[in-house]
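Analysis of the macromolecular model
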Amino acid sequence: KQWYQRRVRGDRKKMETLRRKLHTDDDILWLNHDKSLREQGIAEDKMLLLRKKLFFSDVNVDRNDPVQLNLMYIQDNTCVVNGTHKVSLEDAIELAAIRVQIQFGNHDENKHKKGFLDMKELLPPEYRKVQGIEKKIYAEHRKLMGMTELNGKLRYIKHCRELKTYGVTFFLVKKKKKKKKKK
């Protein structure tokens, strides 16, 4: 019995480690669309994150629907920055540069200097401390001169659609072992 309890505790620890390492949707609490926020016990001062629950087709997202475009951009950016969408260093730099263009406009040598950008808002954790990363982001940002906020969001979304993990939801799965019969 003690062996079994140690084994179960060990399995739980492994699952918790995996849960922290992987970005899954296991812990997301979705609102019931049939009830008001008040009926669901959501306080007025509570911050909510808007997300699409199902991806039917994002192909139709374009400049004609700036609200949906903005929601898609925010969701995609969140997934890139928190590491849900695994990106290469080059992709991370390009997406960060697009985000800088959207947020701050055209590159300005006087304003955009080392230390101006908050890497936690732009990059996944694994790239935040890469040496010279801010300089590389600025180099890409310079190439985006004249890009509007709307076109930047559209480009960001299109780039995210090309990622291998786009539209994928990860779930932590544990396979149960068959019980052995006692002889």
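Criteria and thresholds
Residues numbered from 1 in each chain as written. Predicted model: local features only at pLDDT ≥ 70, side-chain atom pairs only at ≥ 80, totals over all residues. Heavy atoms only, no water. Helix = DSSP H or I, 4+ residues; strand = E, 2+ residues; numbered from the N terminus. Buried < 20%, exposed > 50% of the residue type's maximum accessible area, 1.4 Å probe, protein only. Contact = heavy atoms within 4.5 Å. Areas by Shrake-Rupley, 256 points an atom, 1.4 Å probe, with all protein chains shown as cover. Arc of directions from axis to C-beta. Axes fitted to C-alpha atoms, helices over the stretch in contact; angles between N-to-C directions. Parallel < 35°, antiparallel > 145°, perpendicular 65-115°, else oblique. Left-handed = near helix turned anticlockwise from the far one by under 90°. Nonpolar A, V, L, I, M, F, W, Y, C, P; charged D, E, K, R; others polar. Expected span 1.5 Å × (residues − 1). Salt bridge = Lys/Arg side-chain N within 4 Å of Asp/Glu carboxyl O.

Scanning the protein chain from N- to C-terminus turns up six helices and zero strands. Counting helices and strands in the order they occur from the N terminus, the protein chain gives α-α-α-α-α-α. Buried positions account for 30% of the 183 residues belonging to the protein chain. Here the analysis covers contacts within the protein chain between residues at least 6 apart in sequence; of these, 68% occur between residues at least 24 apart. Carbon and sulfur atoms make up 53% of the accessible area of the protein chain, which totals about 14000 Å².

Residues of helix α5 (residues 133–142) that are buried: Ile133, Glu134, Ile137, Tyr138 and His141. In an axial view of α5, the angular spread of the buried residues amounts to 140°, which keeps them on one side of the axis. Next to the buried residues of α5 lie α3 (89–104) and α4 (119–122).

α5 packs onto α3 with a crossing angle of 60° between their chain directions and a minimal axis gap of 8 Å. Considering the angle they form, α3 stands oblique to α5. For the crossing formed where α3 meets α5, the hand is right-handed. Judged by residue contacts, Leu89, Ile93, Ala96, Ala97, Val100 and Gln101 of α3 engage Ile133, Lys136, Ile137, Glu140 and His141 from α5. Counted by class, the contact of α3 with α5 contains seven nonpolar, two polar and two charged residues.

Look at helix α2 (residues 66–81): 22 Å from first C-alpha to last across 16 residues, which is about the 22 Å you get at 1.5 Å a residue. Residues of α2 that are buried include every one of Leu69, Met72, Tyr73, Gln75, Asp76, Asn77, Cys79, Val80 and Val81, and no others. Those residues of α2 that are buried are in contact with α3, α4 and α6 (149–161). Remark: Gly83 follows α2 within two positions and exhibits a positive phi of approximately 95°.

As enumerated under the stated definition, the model contains five salt bridges in all. Here Glu44 ties to Arg38 by a salt bridge, and the two come within 3.6 Å at their closest N and O atoms. For the pair shown, Glu44 and Arg38 are each scored as exposed. Note that Arg142 and Glu109 form a salt bridge whose closest N and O atoms lie 3.1 Å from each other. A residue pair is termed long-range when its members are at least 10 positions apart, and Arg142 in helix α5 and Glu109 in the loop between α3 and α4 qualify at 33 residues. A residue is classified by how much of its surface remains accessible, and Glu109, at 47% relative accessible area, is partly exposed.

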